[in-house]
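Here are the chains, one letter per residue:
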Amino acid sequence: MPELPEVETIRRDLESVLVGTRITEVEFVHDAGVFRILRRFPSRKVFAREVTGRTIEGVDRRGKYLLFRLGPERILLLHLGMTGQLLFRPVTTAPDRFARVVFRLNGSKLEFADARKFGELYLYRPGHYEAIDLNRLGPEPLSRDLSRAYLSRTFQGRKRAIKAVLLDQSVVAGIGNIYSDEILFAAGIDPRRPAGSLTRKEIDRLYRAITGILTRAVERRGTSARDEWFVDARGRPGGFQAELKVYQRKDDLCPECGETVVRETIGGRSAHFCPRCQK
DNA sequence: ATTGGGACCTGCTCGC
DNA sequence: TGCGAGCAGGTCCCAA
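Residue positions are given per chain, counted from 1 along the sequence in the order it is written. Here every chain gets a letter starting at A, and every ligand a number starting at 1, in the order they are written. Reporting in this predicted model follows two pLDDT cut-offs: at least 70 for local features of residues, and 80 or more for side-chain atom pairs to be given and counted; totals over whole chains, interfaces and linings ignore these cut-offs and use all residues. Just so you know, side-chain values use all the structure's heavy atoms and leave hydrogens and water out.

Trainee: Account for the nonpolar core, naming residues and giving values.
Mentor: Buried residues of nine kinds, namely Ala, Val, Leu, Ile, Met, Phe, Trp, Tyr and Cys, make up a nonpolar core once their side-chain atoms join them within 4.5 Å. Buried means the residue's accessible area, taken with a 1.4 Å probe over protein chains only, is under 20% of the maximum for its type, while exposed means over 50%, and partly exposed covers the values in between. By size, the foremost hydrophobic cluster in this structure holds 39 residues, and its most contacted members are Val26, Phe47, Phe68, Leu86 and Phe103. When residues of this core are assigned to their parent elements, the largest contribution, five residues, is made by strand β3 (residues 65-70). Two domains each put at least three residues into this core: domain 1 (4-136) and domain 2 (148-273). Throughout, a contact is declared for two residues whenever any of their heavy atoms are within 4.5 Å. Residues contacting Val26, with those up to four places away along its chain left out, are Phe47, Ala48, Val51, Thr52, Val101, Val102 and Phe103. Counting 30 residues, the second largest nonpolar core, distinct from the first, contains Leu166, Val172, Ala187 and Ala195. A helix here means a DSSP run of H or I that spans at least four residues, while a strand means a run of E at least two residues long, and both kinds are numbered starting from the N terminus. Domains are outlined according to an automatic or database domain assignment.

Okay, here's the thing in structure tokens:
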């Protein structure tokens, strides 16, 4: 659910309110320690002790990960999984139904809520062993690191469906199921095509679709579709759902040609596409 | 090595 | 109307 545009929206929201703020208390709600939150970290107690009292100096993003710089010594890494939300609220607001971790900041609080508990929370000491290795992620799609040449090189010889390859975070970081569908539609490429079969021209269209769709989705502050109930740090939905062409539009008519949009499982994930426009 | 599939987790939708 | 089965998705892990 939260893909690059959603995570970037939250990052921007939080950066504007959190930088310079001190974390005064960390509270775990329910049994946050048993699932992925902190799964690879020694303990909740150590985590809380290490985080408390530090000042948030910056909020960065890498792929779908958020990185909070806590002074020069620690980086707090957070992944929203599928249903994670980060809610910035006055400290007096009642906790979210699915709040798992609450960071208290002077007069306000940041809640990490996550119904399905796939979210991850971790704490780094820069330069030390990192259990969650961000270096395995592919290039940031909205940076110079992503290029046509890189895609061409990476796709070469790959038999895997292009849909599955776009979802692979080690190929390009930040694309999930919503945007892979929309990107392939915008590029006019059949999601089932082996990545290695794309021509130079198709890779060019794909590159432009990746940057174009993601940029537009960031401008619209993410997608809040039926099964992807995203909200930003202030609890507001995004606006890109109004621009979805194929995602979750099975049996609707293709906005380009009028053909019926189909849904098919590719690489274990649902893919939506127009069988006429996407070749 | 690359790829596919199941596991994780649980709220919600849909069909009977 | 009520109930239960199955779906949804991001990532990890194991097996082929």
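Trainee: Residues and numbers for the environment of Glu120, please.
Mentor: Looking at the element boundaries, Glu120 is found in strand β8 (residues 120-124). Looking at Glu120, the relative accessible area reads 11%, which means it is buried. Separated by 79 residues in sequence, Glu120 and Thr199 have C-alpha atoms that sit 38 Å apart.

Trainee: Outline the sheet that holds strand β5 (residues 84-90), listing residues and values.
Mentor: If DSSP finds at least two bridges between two strands, the strands pair. Strands sit in the order β1-β6-β7-β5 across an open sheet of four strands; the sheet is antiparallel. Edge positions in the open sheet fall to β1 (23-28) and β5, since each of these has one partner strand only. The sheet shows a mean angle of 15 degrees between the axes of neighbouring strands, taken without regard to direction. Bridging between β1 and strand β6 (residues 99-105) involves five bridges; their strand directions are antiparallel. Residue Glu25 lies in a different strand from β6, and its bridge partner there is Arg104. Across the face of the sheet, helix α1 (residues 4-18) comes into contact with β5, β6 and β7 (108-114) while running at roughly 30 degrees to β5. Angular values range over 0 to 180 degrees, each being the angle between N-to-C directions of two axes fitted as lines to C-alpha atoms, with helices fitted over their stretch in contact. Against the sheet, helix α2 (residues 44-51) contacts β1 and β6, and its axis sits at roughly 165 degrees relative to β1.

Trainee: Can you explain the protein's contact with DNA strand C? Please cite residues and give values.
Mentor: Surrounding DNA strand C, one finds 21 residues, the nearest of these being His79, Met82, Arg116, Tyr247 and Arg263. For the purposes of these results, a polar contact is taken to be a pair of N or O atoms within 3.5 Å, where, inside protein, one atom must be able to donate a hydrogen and its partner to accept one; residues adjacent in sequence count only when each atom of the pair is a side-chain atom. Here a phosphate oxygen of DNA strand C sits 3.2 Å away from a polar atom, N or O, in the side chain of Arg136. A distance of 2.6 Å separates a phosphate oxygen of DNA strand C from a polar side-chain atom of Tyr247. Asp, Glu, Lys and Arg are counted as charged, while Ala, Val, Leu, Ile, Met, Phe, Trp, Tyr, Cys and Pro are counted as nonpolar; the rest, among them Gly, fall into the polar class. When the residues that make up the surface near DNA strand C are grouped by side-chain class, the tally is five nonpolar, six polar and ten charged. Here a residue is considered near a molecule or strand provided that any single heavy atom belonging to it is located within 4 Å of it.

Trainee: How would you explain helix α3 (residues 148-155) if you had to name every residue and give the values?
Mentor: Along α3, the residues that are buried comprise Tyr150, Leu151, Thr154 and Phe155. Looking down the long axis of α3, one finds its buried residues gathered within 120 degrees of arc, a one-sided arrangement. At its buried positions, α3 is contacted by α4 (162-167) and α6 (200-219). To be clear, the arc concerns the directions from the helix axis to the C-beta atoms.

Trainee: Talk me through the domain arrangement of chain A; I want residue IDs and the actual numbers.
Mentor: Along its sequence, chain A is organised into domain 1 (4-136) and domain 2 (148-273). Contacts between the two partners involve 17 residues from domain 1, matched on the other side by 21 residues from domain 2. Buried area: the accessible area, evaluated with a 1.4 Å probe, that two parts lose upon being put together, summed over both parts. Across the interface of domain 1 and domain 2, roughly 1,500 Å² is buried in total on both sides, 62% from carbon and sulfur atoms. Here, a salt bridge means any side-chain nitrogen of Lys or Arg that lies within 4 Å of a carboxyl oxygen of Asp or Glu. Run the count over domain 1 and domain 2 and you get one salt bridge. A salt bridge links Arg221 to Asp13, with the shortest nitrogen-to-oxygen separation between them at 2.9 Å. Remark: the boundary between domain 1 and domain 2 carries seven residue pairs in polar contact (both at pLDDT 80 or more). Looking at the side of domain 1 that touches domain 2, the elements that each hand over two or more residues are α1 and β5. Sort the elements by how many residues they give to the side of domain 1 that touches domain 2 and α1 lands first, with nine residues. For the side of domain 1 that touches domain 2, the class distribution of residues is seven nonpolar, three polar and seven charged.

Trainee: Report on the pairing of strand β4 (residues 74-79), specifying residues and quantitative values.
Mentor: Counted residue by residue, β4 has six buried out of six residues, so it is predominantly covered. Residue alternation in β4 divides its side chains into two sets, Arg74, Leu76 and Leu78 and Ile75, Leu77 and His79, and both sets are buried. Examined bridge by bridge, β3 and β4 share six bridges and lie antiparallel to one another. When the sheet's bridge partners are listed, Leu66 is paired in β4 with Leu78. In this structure, the hairpin formed by β3 and β4 is closed by a connection of three residues, where Gly71 is found at a positive phi of approximately 60 degrees. Note: β4 against β8, five bridges, orientation antiparallel. Across the sheet, Leu77 pairs through a bridge with Tyr122, a residue of β8.

Trainee: Could you give me a rundown of the protein's contact with DNA strand B, with the residues and numbers involved?
Mentor: In the vicinity of DNA strand B, eleven residues are found, and the nearest of them are Arg97, Arg116, Lys117, Phe118 and Arg160. The sugar-phosphate share of atoms of DNA strand B within 4 Å of the protein amounts to 68%. Between DNA strand B and Arg116, the relevant distance is 3.4 Å, taken from a base oxygen to a side-chain nitrogen or oxygen of the residue. At 3.5 Å, a side-chain N or O of Arg158 approaches a phosphate oxygen of DNA strand B. Partitioning the surface near DNA strand B into residue classes produces three nonpolar, no polar and eight charged.

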